[in-house]
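Coordinates in review
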Amino acid sequence: MTGTPATIQLPLLPLKNVVLFPHMIVPLYVGRERSIHALEAAMTQGKQVFLCTQRQADCEDPTEEDLYRVGVIGEIVQMLKLPDSTIKVLIEGSSRAVIERFVEGDPHLRVEVALLEEDFLPSPELEGLMRGVVDLFDRYVELDKKVPPEVNLTVRGAEDAGRMADIVASNLGIGVTDKQDVLETFQMNARLEKLSAMLQREIEILDMDRSIRQRVRQQIDRRQKEFYLKEQMRVIQEELGGEEPHLSELDEMRERVKALELAEAIEDRLLKDVDRLERMPPGSPEISVLHAYLDLVVSLPWHASSEDVTDLRAAEKVLDEDHHGLRKIKERILEFLAVRQLTKSPKGPILCFIGPPGVGKTSLGRSIARALGRKFVRVSLGGVSDEAEVRGHRRTYVGSMPGRIIKGLREAGTRNPVFLLDEIDKMSSDFRGDPASAMLEVLDPEQNKHFSDHYLEIPFDLSEVLFITTANVYYSIPRALLDRMEVINLPGYTAEEKMVIAREFLIPKQLLDHGLTEKHIEITRPAVSTIISRYTSEAGVRNLERSIAGVCRKVAREVVKGKTRRMTIAPSRLDDLLGPPRYKPDEGHKEPLVGVANGLAWTEVGGVLLTIEVITMPGKGNLNLTGQMGDVMQESARAALSYARSNAEALAIPVDFRDKLDLHIHIPKGAIPKDGPSAGISMALAIISALSQRPIRSDVALTGEITLRGRVLPIGGLKEKVLAAHRIGIRTILLPADNEADLADIPADIRKRLTFKLVQTMDEVIAEALLPRTGTILLPELSEPAGVEEAAVANGDERPRPDTPRQPSL
């Protein structure tokens with residue numbers, strides 16, 4: 001390429017989204033004011049105008065920076081003014097030119113351009129490039145029907161390489177940037193190489209587009225063919241003797257949707273889903289998702305329900321067969337049946353069984369279902385931290401599925417099963433949501449009539465479901481959720497109740513499971529009692545059953561060896577069968593001691609004796625607290641000490657003891673954390689005993705919270721504490737007068753064997769438990785802890801309330 005040194009000044013006409021090549025004639029519509037003035041000026045000055053492309057098409061008033069430098073000098077062939085004030089102009093490009101400088105002009109831009117003439121020498125390489133471009137353009141025209149065939153003839157007839165390259169570039173469906181690149185490539189061989197690469201790329205794209213369209217056409221043709229053949233088969237079956245045509249799977253799905261008798265809007269939506277499923281191509285990934293959803297909808301028990309047992313005696317018999325005791329729960333189920341018969345109300349109660357492990361909460365739910373004649377569904381919520389486990393996943397997610405509630409109802413096959421939500425206190429929350437909040441709708445009788453599962457997206461009526469939840473403690477259940485449930489406490493079994501359960505339920509069950517009969521083994525009552533007291537330490541009977549199973553396994557082995565036909569299990573043989581005893585029962589102390597009080601504590605495995613020791617030593621009034629006391633218990637100890645100091649004269653305690661003595665309060669078994677306020681009167685009594693040197697009765701146990709004025713406040717867990725005192729052999733128990741109503745929960749036979757002293761003030765406690773001072777000072781014996789047991793709880797409720805400390809409390 002060589003350029004002539006002469007330059008000319010021409011009006012500038014900027015182009016939008018168009019690149020003009022030499023020897024091309026293009027029609028343009030000009031509407032910008034400056035462009036119209038440029039055309040008018042060109043018409044008066046030889047009809048020549050310089051055309052170059054804008055870098056940005058949305059620029060309405062381009063400047064020097066907005067325009068490419070290389071363009072084409074064009075001659076105006078024809079110009080026509082249109083009614084809308086725009087101009088239609090026909091321009092033919094003549095030659096390439098480059099802008100040398102911009103000439104300031106008004107009212108249009110003028111530029112000084114230098115003409116560029118093509119100058120190249122023919123060569124074999126150039127001839128090869130030209131032939132390659134021509135062949136590729138033939139293929140391009142064959143694939144792209146937008147290019148007229150006459151253009152291909154023009155290209156083949158062009159002898160000039162530059163003219164041929166410009167014609168090919170102007171007819172390619174490439175972008176403005178690529179066309180401008182070809183226009184600015186002055187070296188002929190390089191221009192042809194760029195054109196070859198562009199043609200190759202466009203041909204590959206057109207080949208891919210043709211292949212895609214062919215595949216789509218084949219799929220459409222196949223579906224049309226299948227539809228035509230199905231219609232033919234249907235008509236042929238109708239003609240053959242009027243036989244009922246066989247329903248396809250989708251037709252059967254439509255019939256099942258209509259049989260559900262859902263709301264009209266919901267039914268229409270489901271039928272549209274079936275139609276959409278039918279229209280989907282066989283390889284579509286949505287087929288399995290939509291089919292699974294429709295299959296779930298038609299398999300849910302929208303109207304199917306089971307009949308409840310109406311015979312109260314039969315229901316009571318079933319409950320008694322499966323569980324011993326538990327009168328409150330059995331009475332509540334029978335009351336539900338009675339109300340159901342009188343009102344015919346389908347609404348089911350929402351019960352919450354709270355108690356320690358192994359007391360039969362889960363098995364009780366199965367027994368209730370059998371007594372009512374309903375299906376039973378159990379869902380474990382332990383460790384569930386995702387809200388979608390309850391409400392389901394939305395169908396937009398890959399691998400979505402319904403929640404556990406809808407899954408359970410599908411398995412049950414009825415809309416009124418007994419639905420057990422096990423371990424509801426073990427749920428947790430994280431970034432995926434709070435499942436406890438999702439349970440609010442499930443367990444609210446006013447809301448669950450229209451329960452909405454994210455996957456199902458259709459309201460489902462849960463009001464007929466009898467929901468039963470189980471938990472070990474109160475405090476981990478959210479208050480809003482706890483408020484929606486009717487709480488029934490299962491405090492655990494007494495030793496007498498465990499004896500009955502073992503002999504009537506556990507032993508026969510284990511004999512059956514191990515293939516034994518009464519001819520092979522007899523477990524005596526003393527042996528069962530020893531297993532309960534020395535080999536287990538629990539509120540329930542789970543470990544008791546394991547111990548009985550261990551005995552049965554040993555006997556089964558002996559029976560198989562043929563060494564014995566009948567084995568009587570006495571306490572003396574338990575060491576050989578189960579090993580040495582794992583628990584040593586609390587025995588307390590046998591004689592009155594100074595500074596030693598018998599407190600009572602509650603644990604998750606029942607009540608225990610809590611020995612409180614206080615000693616004095618020379619010092620400066622320091623108070624040492626040991627035995628892993630919690631914050632609340634330490635405050636109780638300080639309150640007891642303050643009570644003793646404020647009433648020193650009345651209690652015959654040296655008034656100045658704070659200046660001369662240190663106090664040390666210790667609760668043995670220091671590895672066990674202890675907390676709670678109900679050891680208050682026990683610690684106060686031990687402090688007063690140590691300071692006054694008056695011994696405390698060894699046959700008295702006491703529990704209660706103390707105030708600074710010496711009032712005794714009520715506590716919880718009374719039943720477990722009383723049973724612990726009875727087991728140890730204590731016959732007199734001091735307890736707050738406000739707990740008198742709780743004595744009704746204690747079994748009558750145990751209540752008759754004990755003496756209860758209801759106290760309101762510390763004066764009454766001192767009068768009942770503190771002995772007169774004697775000449776001999778009895779100090780507590782040093783003893784090692786018996787071992788690590790469950791954390792003791794001596795405060796408040798039979799189970800921790802929601803507002804109690806979360807650590808095991810006293």
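Residues numbered from 1 in each chain as written. Predicted model: local features only at pLDDT ≥ 70, side-chain atom pairs only at ≥ 80, totals over all residues. Heavy atoms only, no water.

Under the criterion given, the structure shown has 33 salt bridges. Of the charged contacts in the structure, one is a salt bridge between Arg 276 and Glu 286, with a shortest N-O distance of 3.5 Å. One end of the pair, Arg 276, is in helix H8 (residues 264-279); the other, Glu 286, is in helix H9 (residues 286-299), and ten residues separate them in sequence. Using a relative accessible area of 33% as the deciding quantity, one classes Arg 276 as partly exposed. Judged by its relative accessible area of 43%, Glu 286 is partly exposed. One salt bridge in this structure joins Lys 660 and Asp 656, with 3.1 Å as the shortest N-O distance. Lys 660 gets classed as exposed once you look at its relative accessible area, which sits at 52%. Via salt bridges that share partners, Arg 415, Lys 449, Asp 461 and Glu 464 belong to a single interconnected network. (Salt bridge = Lys/Arg side-chain N within 4 Å of Asp/Glu carboxyl O. Helix = DSSP H or I, 4+ residues; strand = E, 2+ residues; numbered from the N terminus. Buried < 20%, exposed > 50% of the residue type's maximum accessible area, 1.4 Å probe, protein only.)

At a closest axis distance of 10 Å, the pairing of helix H10 (residues 312-322) and helix H11 (residues 327-343) adopts a crossing angle of 155°. Taken together, the axes of H10 and H11 are roughly antiparallel relative to one another. Note on packing geometry: the crossing formed by H10 with H11 is right-handed. Contact residues: H10 offers Leu 312, Ala 315, Glu 316, Leu 319 and Asp 320, while H11 offers Arg 327, Lys 330, Ile 333, Leu 334, Leu 337, Ala 338 and Gln 341. (Axes fitted to C-alpha atoms, helices over the stretch in contact; angles between N-to-C directions. Parallel < 35°, antiparallel > 145°, perpendicular 65-115°, else oblique. Left-handed = near helix turned anticlockwise from the far one by under 90°. Contact = heavy atoms within 4.5 Å.)

Another point: the packing of aromatic side chains. Inspection of the entire model under this criterion finds four aromatic pairs. Ring centres 4.9 Å apart and planes at 50° place the aromatic pair Trp 302 and Phe 460 in the tilted group. Linking Trp 302 in the loop between H9 and H10 with Phe 460 in the loop between helix H15 (435-442) and strand S10 (466-471), this pair joins segments that are 158 residues apart in sequence. Judged by its relative accessible area of 9%, Trp 302 is buried. (Phe/Tyr/Trp six-rings, centres within 6.5 Å; stacked < 30°, edge-to-face > 60°.)

As a further point, take a nonpolar patch on the surface. Where nonpolar side chains cluster on the molecular surface, the patch consists of Met 208, Ile 212, Val 216 and Ile 220 and spans about 350 Å² of accessible area. Along the chain, Ile 212 falls in helix H6 (residues 188-239). (Patch = residues over 30% accessible without salt bridge, like charges linked within 9 Å, V, L, I, M, F, W, Y side chains within 5 Å. Areas by Shrake-Rupley, 256 points an atom, 1.4 Å probe, with all protein chains shown as cover.)

With that out of the way, let us pick up the confidence of the model for the protein. Per-residue confidence for the protein averages 81 on the pLDDT scale, and 90% of its residues sit at or above 70. Scored below 50 in pLDDT, residues 242-247 makes six contacts in the model with residues more than four places away or belonging to other chains. Segment residues 776-810 is flagged for pLDDT under 50; beyond a separation of four residues in sequence, or across chains, it makes 116 contacts in the model. (pLDDT = per-residue confidence, 0-100.)

Even without being a glycine, Asn 17 presents a positive backbone phi close to 60°. Looking at the element boundaries, Asn 17 is found in the loop between strand S1 (2-15) and strand S2 (25-30). The exposed category is assigned to Asn 17, whose relative accessible area is 57%. A positive phi angle, near 60°, is found at Ala 652, a position not held by glycine.

Relative to the helices and strands, Leu 512 is located in helix H17 (residues 495-513). Along the primary structure Leu 512 and Gly 408 are separated by 104 residues, whereas in three dimensions their C-alpha atoms are 31 Å apart.

Here helix H23 (residues 680-692) spans 18 Å end to end across 13 residues, near enough to the 18 Å set by a 1.5 Å rise per residue. Burial within H23 is extensive, with 13 of its 13 residues counted as buried. At the C-terminal side of H23, Gln 693 shows a positive phi close to 60°. (Expected span 1.5 Å × (residues − 1).)

Taken together, the side chains of Arg 553, Lys 554, Arg 557, Lys 561 and Lys 563 present a region of like positive charge at the surface. As for its position among the elements, Arg 553 is in helix H19 (residues 542-561). Residue Arg 553 is classed as partly exposed on the basis of its relative accessible area of 49%. (Lys, Arg positive; Asp, Glu negative; His and termini not counted. Charge placed at Lys NZ, Arg CZ, Asp CG, Glu CD.)

Let's shift gears to helix H12 (residues 361-372). Under the 1.5 Å per step criterion, the end-to-end length of H12 is 17 Å for twelve residues, consistent within 8% with the ideal 16 Å. Of the residues making up H12, those classed as buried are Lys 361, Leu 364, Gly 365, Ser 367, Ile 368, Ala 369, Ala 371 and Leu 372. Residues of H12 that are buried make contact with H10, H11, strand S7 (350-354), strand S8 (376-380), strand S9 (418-422) and S10. Immediately beyond the C-terminal end of H12, within one or two residues, lies Gly 373, with a positive phi of roughly 75°.

Taken residue by residue, a regular strand's side chains alternate between the two faces of the sheet. Note that strand S3 (residues 48-53) and strand S4 (residues 70-81) share four bridges and pair antiparallel. When the bridges of S4 are listed, Val 49 appears paired with Gly 74. Sheet analysis places S4 next to strand S5 (residues 87-103), joined by eleven bridges and oriented antiparallel. By the bridge assignment, Val 70 is partnered in S5 with Val 98. Once S4 ends, the chain turns through five residues before running back antiparallel as S5, passing Ser 85 with a positive phi of about 75°. (Pairing = 2+ DSSP bridges.)

This part takes up the sheet that holds S9. With parallel pairing, the five strands of this open sheet are ordered in space as S8-S9-S10-S7-S11. Unpaired on one side and paired on the other, S8 and strand S11 (486-489) mark the two borders of the sheet. Across the sheet, the axes of successive neighbouring strands diverge by a mean angle of 20°, strand direction being ignored. As judged from the five bridges shared by S8 and S9, these two strands associate in the parallel manner.

We now examine the packing of H11 against H12. When two helices pack together, their arrangement is given by the angle between the helix axes and by the axis-to-axis distance. In the contact formed by H11 and H12, the axes pass within 12 Å of each other and the chain directions differ by 30°. The angle between H11 and H12 places the two elements in the roughly parallel class. Relative to H12, the crossing made by H11 is right-handed. Packed against H11, whose contacting residues are Ile 329, Ile 333, Phe 336 and Leu 337, the element H12 presents Leu 364, Ile 368 and Leu 372 at the interface. Looking at the contact of H11 with H12 residue by residue, the class counts come to seven nonpolar, no polar and no charged. (Nonpolar A, V, L, I, M, F, W, Y, C, P; charged D, E, K, R; others polar.)

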